[in-house]
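Examining the three-dimensional arrangement
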Amino acid sequence: MNRSCLLVYTILAASAVSGAARSQTLDQSARKPPPGNQNGTICYTAAWGKDVNDGLSWGSAKATIMACYDALPQKGGTIFIAQNGNGDAGAVAANEAPGGGIWIMGANDPNYNNPDFFPPNGPWRRLKAPSVRFVGVASSSQQQNGHKGGIVHIGAGSSRDNNHPCIWLSATAGYLYFENLGCFYPGRGIVIGEASNHDRSGIGSVSGEYFENVGSGSSNVASLGPTVDITGSSFWLWFDHCMFEGNYKNSVKDNKRAAILMDGIGNNGVGLTYLTNLNLNGGGIKYVPGASPGQIDIRVLTEEGNYTQPIPPAVWITGTSGSLFHLSQVLVADPGPEAPPAIKIDSGNPNDVLVDTASASNGAPNVEGPATVLSQYGGMLLNQTVSPIQQGQDGFFNYHVIGQIDAARRNFGPTVVRFANLAPQMPSGWIKSVACGSVNLTVGVTGPDGTKNAAEASATCSSPFSAIDFYQRSHSISVGDFLIAGVWVRSVTKNGFAGSTTQPMSADFTGVKYTATGSSHGSMNENSGEWSWVWSIQKIKVTSANTGQLNFGVTVAKGNAIQMFAPVLIHVPAGTVSDNEAFELALNLQTFPDSAPAGSVAMLRGEDLLLSSHLNQLTSNGDLAGKISISNGVTGTKNFGQPYALPPVCVVSPTSNPGATSWWVATTTEGMTIRLSAPSTVSFDYTCHGNPN
C-alpha cells in the first residue's frame with residue numbers, strides 16, 4: 001500500500017472515533033488512482049463524495065454506489081465504499097433514485113430491454129461481467145456479534161413495502177461480490193432470483209454470487225420480509241460471516257419471518273448454496289423445496305432470540321424432495337418460552353439430511369424430523385420424549401446406533417411372537433387382485449431361508465397395477481391403532497418393482513375414510529434381484545367408521561415380476577404399547593408364521609431347528625421319535641444322527657398285535673436295537689430321551 005492510501009485508511013479509522021468532520025480533510029494527493037489501477041476498474045464511493053466526481057480516489061469519490069457502477073467498464077471492476085465517522089447516520093447512498101438500491105439484472109430478465117427501468121428513468125442496472133465487487137472499507141459501524149469487523153451502512157430500498165429491497169439481483173450469472181456491507185432495515189434486505197416484474201418461476205435465476213460480512217436488519221413491520229429472499233431456481237450462492245435479522249412482527253410459521261428464505265414454490269428450487277459462519281437473530285434459515293432436488297450446505301450457524309418472543313428453528317426444512325443437506329454446528333440461543341428445535345425437517349428421507357452437530361435450548365429437541373444424525377447436544381437429547389426412531393432418524397444417539405439392520409431377520413432364527421401375524425405365510429392363502437389383463441402366481445419358489453415357501457407373481461398388463469394381497473378382509477379400525485407390516489421381496493426382472501424401484505408393499509383400509517401417520521421403508525436402492533425386507537408402520541389418527549377392508553399386499557405389473565416371502569401383518573390395538581415402543585417393534589420386526597400365538601417362540605414353516613443335536617424332527621425317523629419296522633426278523637435298529645453323551649432311555653410300542661412275541665430294547669450312545677423273542681413282522685413307534693449333547 002502506498003503512503004497516500006495508508007494516510008486515507010488512517011484518517012478514516014480515526015474518523016470512526018472522532019466524528020464525521022475530520023473525514024473531509026483527506027489528502028488531495030490521493031485523487032489519482034494507485035499505480036497499476038489506471039485501467040478504470042476501480043471506483044471509490046463515500047458518504048462525503050459527489051456523483052460528478054471521477055471516483056478514481058477517495059478524494060474524488062462518488063456519492064452513490066451505482067454511480068460508481070456506471071463508471072466501471074463493461075468487464076466490471078471493484079467499488080470501494082466508505083461511510084463517514086457518524087455511525088449509521090453516515091450511510092452511503094446506493095442509488096440516486098428514491099427507494100432504489102443495488103439492483104442488477106441480466107439479459108434473461110423480462111425488462112432487460114425496457115428503458116423505463118434504467119437511468120434516467122429507473123434504478124436498475126444491466127449486469128457487467130465477468131465480475132463486480134462491492135467492498136466496504138474503513139467502516140464506522142459494527143454489527144451485533146459481527147465476526148469480521150465493521151460494515152459500511154448503505155442507504156437503499158424502503159421500509160414501506162417489499163418491492164424496494166436493498167440489494168436485488170435478477171438473472172445475473174456473473175460473479176457479484178459483496179463484502180463488509182449492511183442495509184438500513186428495508187422491507188426485504190436482499191432479493192435473489194426474483195425478476196424485475198416479481199416473477200419467481202425461474203426466469204430471474206441467479207448464480208455465482210458471494211456475500212461476506214454482509215448484514216441486514218428487519219423493518220419490524222408486519223407482512224414485510226423475509227430479510228434475505230432467494231428464489232427462482234437460483235444456485236451457486238455463498239454467504240460467509242453474514243448477520244441477518246428476522247422480522248419479529250411476523251408469525252414464526254410465516255415465510256416472511258425467515259432471516260433467510262430459500263423458496264422453491266413455483267420453480268425448480270434453490271440449490272448449491274453454501275452458508276457458513278452465520279449469526280441470525282429472530283429468524284432462521286427456511287427451505288421450501290422446488291420441483292428439482294438441490295444441495296444446501298450450512299456450517300456454523302447461530303440463531304439468537306430476545307428471551308421473550310418465540311423464534312423459528314435455526315434451520316427449517318419444510319420438505320427435502322430429494323435435496324441433500326449437510327448441517328454442521330447449528331445452535332439456538334436465548335429463545336423465548338416456546339423454544340424451537342435447532343433443526344426441523346417436516347418430511348423427507350433420513351438420507352437427505354446429514355447433521356453432525358446440533359444444539360437447541362430450554363428442553364427443545366436438537367433435531368426434529370427425518371435425518372441422519374452423527375452428533376448433537378446430549379443435554380437436550382436426554383430430555384426428548386419422542387424417540388429418534390419415531391421421527392424417522394438414523395444415526396448415533398446416547399450410545400445407541402439406530403437404523404435398519406437386516407442381519408438378524410435375514411438369518412431367520414426363532415422369533416418371540418409379541419402380536420399374532422394376520423397374514424398367511426403360505427402362498428396358498430394369498431389373493432390375486434387383478435386390475436387388468438391377468439396375474440400368474442407360481443408357488444414352490446425358493447425363499448431367502450432356503451425353503452420352497454416363496455412365490456412369484458407376474459402380470460400381463462402394465463397399468464393400472466395389479467396386486468398380490470396377503471390379507472384382504474374386513475377388520476376393525478380405531479383411533480390410536482397401529483398397523484405394522486413387512487415382507488421379503490425380490491425383483492425377478494432386476495429393475496425394481498411396479499410403481500416404485502424400492503417399495504412395492506402397502507397396507508391400507510378401503511371403505512372407510514381415515515388418516516394415519518407413520519413411515520414406509522423400501523429396499524436400500526433399486527432392487528436388482530436381491531431379497532429385501534420392506535416394511536411400514538401407521539398410527540390411525542382419524543377414522544369415519546369402526547371397520548373397513550384391510551388390504552395388505554404388493555404391486556405387480558408387466559415387466560416387473562416379483563417374488564414374495566413370509567409376509568407379516570400386526571394390528572396393535574390403541575393403548576397397548578407406547579408410540580416409541582410401536583416404532584421399536586416395527587424397526588426390529590422379524591417375520592414369523594401366522595399360526596404362532598402371542599408369547600410363543602416360533603420359526604417359519606418348513607424350517608428345521610437343527611442344532612447339531614437331536615431336534616431335527618423334519619426327518620422321517622429322528623433321534624427323538626420315529627418308527628422301526630421288522631420283517632420276519634428278530635431285530636430292528638435305529639442309528640442316531642448325532643451320538644448322545646450317555647445311552648438314552650428309549651420306549652417302543654408296537655403298532656399291530658405282536659401275538660405271543662415279546663421284545664426288549666438295548667441302547668448305546670450311537671443307536672438303539674429292538675430284539676424279538678421269535679422271528680416276526682411287526683412295526684414299533686419309538687421315543688428316546690437322554691443327554692442331547
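Above this text is the structure in question.
The sections below set out a description of the structure shown in this document. Please read these numbers as outputs of a predicted model, since none were measured by experiment.

The rules behind each value
- Residues numbered from 1 in each chain as written.
- Predicted model: local features only at pLDDT ≥ 70, side-chain atom pairs only at ≥ 80, totals over all residues.
- Heavy atoms only, no water.
- Salt bridge = Lys/Arg side-chain N within 4 Å of Asp/Glu carboxyl O.
- Buried < 20%, exposed > 50% of the residue type's maximum accessible area, 1.4 Å probe, protein only.
- Pairing = 2+ DSSP bridges.
- Helix = DSSP H or I, 4+ residues; strand = E, 2+ residues; numbered from the N terminus.
- Axes fitted to C-alpha atoms, helices over the stretch in contact; angles between N-to-C directions.
- Core = buried A, V, L, I, M, F, W, Y, C linked by side-chain atoms within 4.5 Å.
- Contact = heavy atoms within 4.5 Å.
- Polar contact = N/O pair within 3.5 Å; in protein donor to acceptor, adjacent residues only side chain to side chain.
- Disulfide = S-S within 2.5 Å.

**What to know about the pattern of salt bridges**
The full count for this structure, using the stated rule, is 19 salt bridges. The partner of Glu194 in a salt bridge is Arg188, with the nearest N and O atoms 3.0 Å apart. On the accessibility criterion, Glu194 (3% relative accessible area) is buried. Put simply, Lys344 and Asp346 hold a salt bridge, and the shortest N to O gap is 2.4 Å.

**What to know about the sheet that holds strand S35 (residues 514-521)**
Taken together, six strands build an open sheet; the order of strands is S30-S31-S38-S33-S36-S35 and the sheet is antiparallel. Unpaired on one side and paired on the other, strand S30 (439-445) and S35 mark the two borders of the sheet. Sheet twist, expressed as the average angle between the axes of neighbouring strands with direction ignored, equals 30°. The pairing of S30 with strand S31 (residues 454-459) spans six bridges and is antiparallel. Bridged to Thr442 within S31 is Glu456.

**Here's the deal with the nonpolar core**
One recurring pattern in soluble globular proteins: nonpolar side chains tend to sit buried together. One finds Phe134 and Phe239 to be the most contacted residues of the largest nonpolar core, which totals 101 residues. With near-sequence residues (within four places) excluded, Phe239 lies in contact with Ile192, Phe211, Val228, Ile230, Phe244, Tyr274, Leu275, Thr276 and Leu278. Among the nonpolar cores identified, the runner-up in size contains 28 residues, and Ala455, Ala459, Tyr471 and Phe509 belong to it.

**Notes on the side chain of Ser683**
Turning to its location among the elements, Ser683 is positioned in strand S43 (residues 671-689). At 2.9 Å, the side chain of Ser683 forms a polar contact with the side chain of Ser629. Residues in contact with Ser683, not counting those within four places in the same chain, are Ile628, Ser629, Ser653, Pro654, Thr655 and Ser656.

**Topic: the environment of Val634**
One can find Val634 in strand S40 (residues 625-639). Overall, the relative accessible area of 37% leaves Val634 in the partly exposed class. Separated by 99 residues in sequence, Val634 and Trp535 place their C-alpha atoms 59 Å apart. Each residue touching Val634, except ones within four places of it in the same chain, is listed here: Ile674, Arg675, Leu676, Ala678 and Pro679.

**A closer look at the state of the cysteines**
Applying the stated criterion across every chain, the model contains four disulfides. The residue that forms a disulfide with Cys43 is Cys68, at a sulfur-sulfur distance of 1.9 Å. Residues Cys43 and Cys68 are joined through a disulfide that is left-handed, its torsion about the S-S bond being -80°. Taken together, the positions of Cys43 in strand S1 (residues 42-46) and Cys68 in helix H2 (residues 65-71) put the pair 25 residues apart, joining distant regions of the chain. An identical accessibility class is assigned to Cys43 and Cys68; each is buried. Note that Cys436 is cross-linked by a disulfide to Cys461, the S-S spacing being 2.0 Å. Here Cys436 and Cys461 share a disulfide; its torsion about the S-S bond, -100°, makes the bridge left-handed. Of this pair, Cys436 sits in the loop between strand S29 (431-433) and S30 while Cys461 is found in the loop between S31 and strand S32 (466-476), placing the two residues 25 residues apart along the sequence. Judged by its relative accessible area of 17%, Cys461 falls in the buried class.

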